[in-house]
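# Remarks on the overall topology
Residue-level listing of the chains:
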Amino acid sequence: MTISPTTSARQVTLPGDMAVSLGPLQKHGVVYTKPWVVDLILDLAGYTPTADLGMMVAIEPAAGDGCFVIAMAERLISACRHHNRSLLECQQALISYERDPEATALARNALLRVLTGHGIALEEANALADCWVRTGDYLLDAPLLPPADFVIGNPPYVRLEDMNAVSADQYRRRYKTMVGRADLYVAFFEAALKQLKLGGVCAYICADRWMLNQYGAELRHMITSSYNVETVIEMHRADPFALEVDAYPAITVIRRNAQSEVVIARTEAGIADVDPTAISQAITNCRVTLTPTSRLPGLRAARVDSWFRGAEPWPCSSPERITLLKHLEAEFYPLESAGTGTKVGIGVATGADDLFITNDRDIVEPSRLLPLAMASDTRGGELSWSGHYLINPWNDHGLVDLNKFPKLNAYLSMHEQRLRGRHVGKRNVQGWYRTIDRVDHHLSKRAKLYIPDIKDRLNPVLDRGETYPHHNLYFVQSAVWDPEVLGGLLLSDVAQFFIECYGVRMRGGYLRFQAQYLRRIRIPRPSDITSIQADGLRRAFRERSRMLATQTALLIYGIDHLPEEEAVL
């Protein structure tokens, strides 16, 4: 894993806001990939000595200490011997990039030792090493390079905000998948994929946050539109680097052809003791024979026959859970859909909670106060309104005329300078006193389920049409579901299962129950469940019985059990 040399400090920010102090092994900004991981990735990509590698083009975009390019050179030498080909014919068969000239020199020297160790004359070895390892910026040079059969390696992990502005702007303009707070490795994926020949393969070990986060949406869409996700191996517990880093790594093998079946796998700590060839063979067996790899220590794998579409997140979960997830997604409706008559939303964001939220019933006109439900009001499993009000500048037609509400006018005018200074105030000069979100007054009168945004478990709580949700509450409403029956379904472990597959746990084990994850929950139509099942869910919701809710839900979904996230096979 190469840390970009544009970061000059002795500390580098990694995905998940983790920081790593650079020690002796990282003198040149390198975090070493362990040899067994390199060999596994090369095997998975098909970069093997039995292939005629001398007639192909392989690119390693971030050489670092040279662990990939050296292993690739070893295989290229063996392939040339196997196919009776002169190594000097292969000067363009291997291209490796490194931005740091000092690191480039180290990688070339390591290659020289490999080449001369195989009997290559020093002059010829120098010529090959100079061709195979280049000093430069792969992201800027990629359009000038030949189409590739392989792009293999470990791209840099660096946030754009940690780079100098000129480089960041160059990368953003060139690589359209770099949206939001994207990490630099997103551009390395895009560059590699664009460079592949038909049938070519990109095999990276990289942080997996792009598979779930919003900043990876454009990259996911690009991949699912034109490429085949072949293999995904979650490596969180495998300790794939010489230095311990909290970067949530995964191996992804993506080929330029039509999407077919996908092997998803998870590794445990013991996988490092297994021969990489055996791991690769187990993945192949799973793909061909559907045989799960439960007998191989430290590896679990499963084949799924379809992959996610568009910009949908790619859950980083166990193979068993993803297999079940794909089944449920194929059989049932999204929580927010016409088929289920449901809608998912979030409460009002004000931009100045201390000014817009009050317990004082006399601070403005009574008609300008809207009972506001807070996340803390749901802790007991029932809505217990704490007496908070939203000072409401909206009516059904838009912002109210302040001249018609003297107390509201006086209160807001007292804070006018601050309200105008907000981003929303600057964008709306005439409407400087607005909240960020417009208030939908019909929502406050409708029955709905509240779900707090941060919790360890789904905790749906019923509001019978008495309050309006604050921004830290999500709501689910339906035109066809009995809210208590739907609440019982959402209380179950089955609903929790969807969130755990898609959501990212925060420190402390809490989940973010964002609308994008809630919408991933699959449910039946009300007409698809029996009256007995509906009664069971209603009773489970009223009694807050997760056990009864789960037992009933399992029957409805037609499954026996939910795979445990940390189960060991």
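Data block above holds the structure.
Residues numbered from 1 in each chain as written. Predicted model: local features only at pLDDT ≥ 70, side-chain atom pairs only at ≥ 80, totals over all residues. Heavy atoms only, no water.

In this section: the overall build of the chain. Counting secondary structure elements, the chain contains 20 helices and 25 strands. Across the chain, contacts joining residues at least 24 apart in sequence account for 74% of those joining residues at least 6 apart. With an accessible surface of roughly 24,000 Å², the chain has 51% of that area assigned to carbon and sulfur atoms. (Helix = DSSP H or I, 4+ residues; strand = E, 2+ residues; numbered from the N terminus. Contact = heavy atoms within 4.5 Å. Areas by Shrake-Rupley, 256 points an atom, 1.4 Å probe, with all protein chains shown as cover.)

Looking now at the side chain of Thr-358. Along the chain, Thr-358 turns up in strand β14 (residues 357–358). A polar atom in the side chain of Thr-358 sits 2.9 Å from the backbone nitrogen of Asp-360. For Thr-358, the residues in contact, after removing those within four places along its chain, are Ile-363, Leu-369, Gly-387, His-388, Tyr-389 and Ile-391. (Polar contact = N/O pair within 3.5 Å; in protein donor to acceptor, adjacent residues only side chain to side chain.)

Here the focus is unusual backbone geometry. Phi at Asn-84 takes a positive value of approximately 55°, unusual for a residue other than glycine. Mapped onto the secondary structure, Asn-84 falls in the loop between α2 (67–82) and β4 (94–98). Of note, the phi angle at Arg-544 is positive, near 55°, even though the residue is not glycine.

Either a parallel or an antiparallel arrangement is found when strands of a sheet pair, and the pairing is made through backbone hydrogen bonds. Read across the open sheet, the four strands follow the order β14-β16-β15-β22; overall the sheet is mixed. On the outer flanks of this sheet lie β14 and β22 (468–469), each paired with one strand and no other. Pairing of β14 with strand β16 (residues 389–391) involves two bridges; the strand directions are antiparallel. Counted as the bridge partner of Thr-358 is Tyr-389 from β16. (Pairing = 2+ DSSP bridges.)

In the contact formed by helix α1 (residues 35–45) and helix α9 (residues 276–289), the axes pass within 9 Å of each other and the chain directions differ by 35°. In the crossing of α1 with α9, the sense of the turn from one axis to the other is right-handed. Residues Trp-36, Asp-39, Leu-40, Asp-43 and Leu-44 of α1 lie in contact with α9, whose contacting residues are Pro-276, Thr-277, Ile-279, Ser-280 and Ile-283. Split by residue class, the contact of α1 with α9 holds six nonpolar, two polar and two charged. (Axes fitted to C-alpha atoms, helices over the stretch in contact; angles between N-to-C directions. Left-handed = near helix turned anticlockwise from the far one by under 90°. Nonpolar A, V, L, I, M, F, W, Y, C, P; charged D, E, K, R; others polar.)

Per the stated rule, a full pass over the model turns up 14 aromatic pairs. Ring geometry for Trp-210 versus Trp-314: centroids 5.0 Å apart, planes at 65°, classification edge-to-face. Of this pair, Trp-210 sits in the loop between β7 (196–207) and α8 (217–226) while Trp-314 sits in the loop between β11 (299–304) and α10 (319–331), and the two are 104 residues apart along the sequence. As far as burial versus exposure is concerned, Trp-210 and Trp-314 are alike and both buried. A centroid spacing of 5.6 Å and a plane angle of 70° characterise the contact between Phe-497 and Phe-498, whose relative ring orientation is edge-to-face. Owing to a relative accessible area of 1%, Phe-497 belongs among the buried residues under this scheme. (Phe/Tyr/Trp six-rings, centres within 6.5 Å; stacked < 30°, edge-to-face > 60°. Buried < 20%, exposed > 50% of the residue type's maximum accessible area, 1.4 Å probe, protein only.)

As for its position among the elements, Leu-537 is in helix α19 (residues 531–543). The spatial distance from the C-alpha of Leu-537 to the C-alpha of Thr-552 is 6.6 Å, given a sequence separation of 15 residues. Once residues lying within four places of it in the same chain are set aside, the contact partners of Leu-537 are Glu-484, Val-485, Gly-488, Leu-489, Ile-529, Ala-549, Thr-552 and Ile-556.

Counted residue by residue, helix α7 (residues 185–195) has 10 buried out of 11 residues, so it is predominantly covered. Along α7, the positions that sit buried rather than exposed are Tyr-185, Val-186, Ala-187, Phe-188, Phe-189, Glu-190, Ala-191, Ala-192, Leu-193 and Gln-195.

All right, on to the state of the cysteines then. Considering all chains together, one arrives at zero disulfides under this definition. This cysteine, Cys-202, is not joined by any disulfide, and Cys-206 carries the nearest cysteine sulfur, 9.4 Å off. (Disulfide = S-S within 2.5 Å.)

This part takes up the sheet that holds β7. Overall, mixed pairing links the nine strands, which are arranged β5-β4-β3-β6-β7-β9-β8-β10-β11 in an open sheet. The two strands at the open ends of the sheet, each matched to only one other strand, are β5 (133–135) and β11. Going from strand to strand, the sheet's axes swing by 15° on average, the running direction of each strand aside. Both strand β6 (residues 148–153) and β7 contribute to a ladder of five bridges, which runs parallel. Each residue of the ladder has a partner; that of Ala-148, found in β7, is Leu-196.

The subject of this paragraph is the packing of helix α16 (residues 483–491) against α19. In the contact formed by α16 and α19, the axes pass within 7 Å of each other and the chain directions differ by 75°. Relative to α19, the element α16 is oriented roughly perpendicular. For the pair formed by α16 and α19, the contact residues are Glu-484, Val-485, Gly-487, Gly-488, Leu-489 and Leu-491 on the first element and Ala-534, Leu-537, Arg-538, Ala-540, Phe-541 and Arg-542 on the second. Grouping the constituent residues of the contact of α16 with α19 by class yields seven nonpolar, two polar and three charged. (Parallel < 35°, antiparallel > 145°, perpendicular 65-115°, else oblique.)

Glancing now at the pairing of strand β19 (residues 448–452). Most of β19 is tucked away: five of the five residues are buried. What you see with β19 is no split at all: Lys-448, Tyr-450 and Pro-452 on one side and Leu-449 and Ile-451 on the other are buried throughout. Of the pairings in the sheet, the one linking β19 to strand β21 (residues 461–463) comprises three bridges and is antiparallel in character. Bridge assignment links Leu-449 to a residue of β21, and that residue is Leu-462. Bridging between β19 and strand β23 (residues 473–478) involves four bridges; their strand directions are antiparallel.

A separate point is the pattern of salt bridges. In this structure the tally under the stated criterion is 29 salt bridges. A salt bridge links Arg-75 to Asp-43; the nearest nitrogen and oxygen atoms lie 2.7 Å apart. With Arg-75 in helix α2 and Asp-43 in helix α1, this residue pair connects regions lying 32 residues apart in the sequence. Given a relative accessible area of 11%, Arg-75 falls into the buried group. The shortest N-O distance in the salt bridge between Arg-321 and Glu-500 comes to 2.8 Å. Here Glu-500 lies in helix α17 (residues 493–502) and Arg-321 lies in helix α10, a separation of 179 residues in the sequence. Under the relative-accessibility criterion, Arg-321 is labelled buried at 4%. Classification of Glu-500 as partly exposed rests on a relative accessible area of 26%. (Salt bridge = Lys/Arg side-chain N within 4 Å of Asp/Glu carboxyl O.)

A word on helix α20 (residues 546–557). For α20, which comprises 12 residues, the first-to-last C-alpha distance of 16 Å matches the rise-based estimate of 16 Å (1.5 Å per residue) to within 8%. All buried positions along α20 are accounted for by Leu-548, Ala-549, Thr-550, Thr-552, Ala-553, Leu-554, Ile-556 and Tyr-557. Those residues of α20 that are buried lie in contact with α10, α16, α17, β25 (522–523) and α19. With its phi angle positive at about 70°, Gly-558 sits one or two positions after the end of α20. (Expected span 1.5 Å × (residues − 1).)

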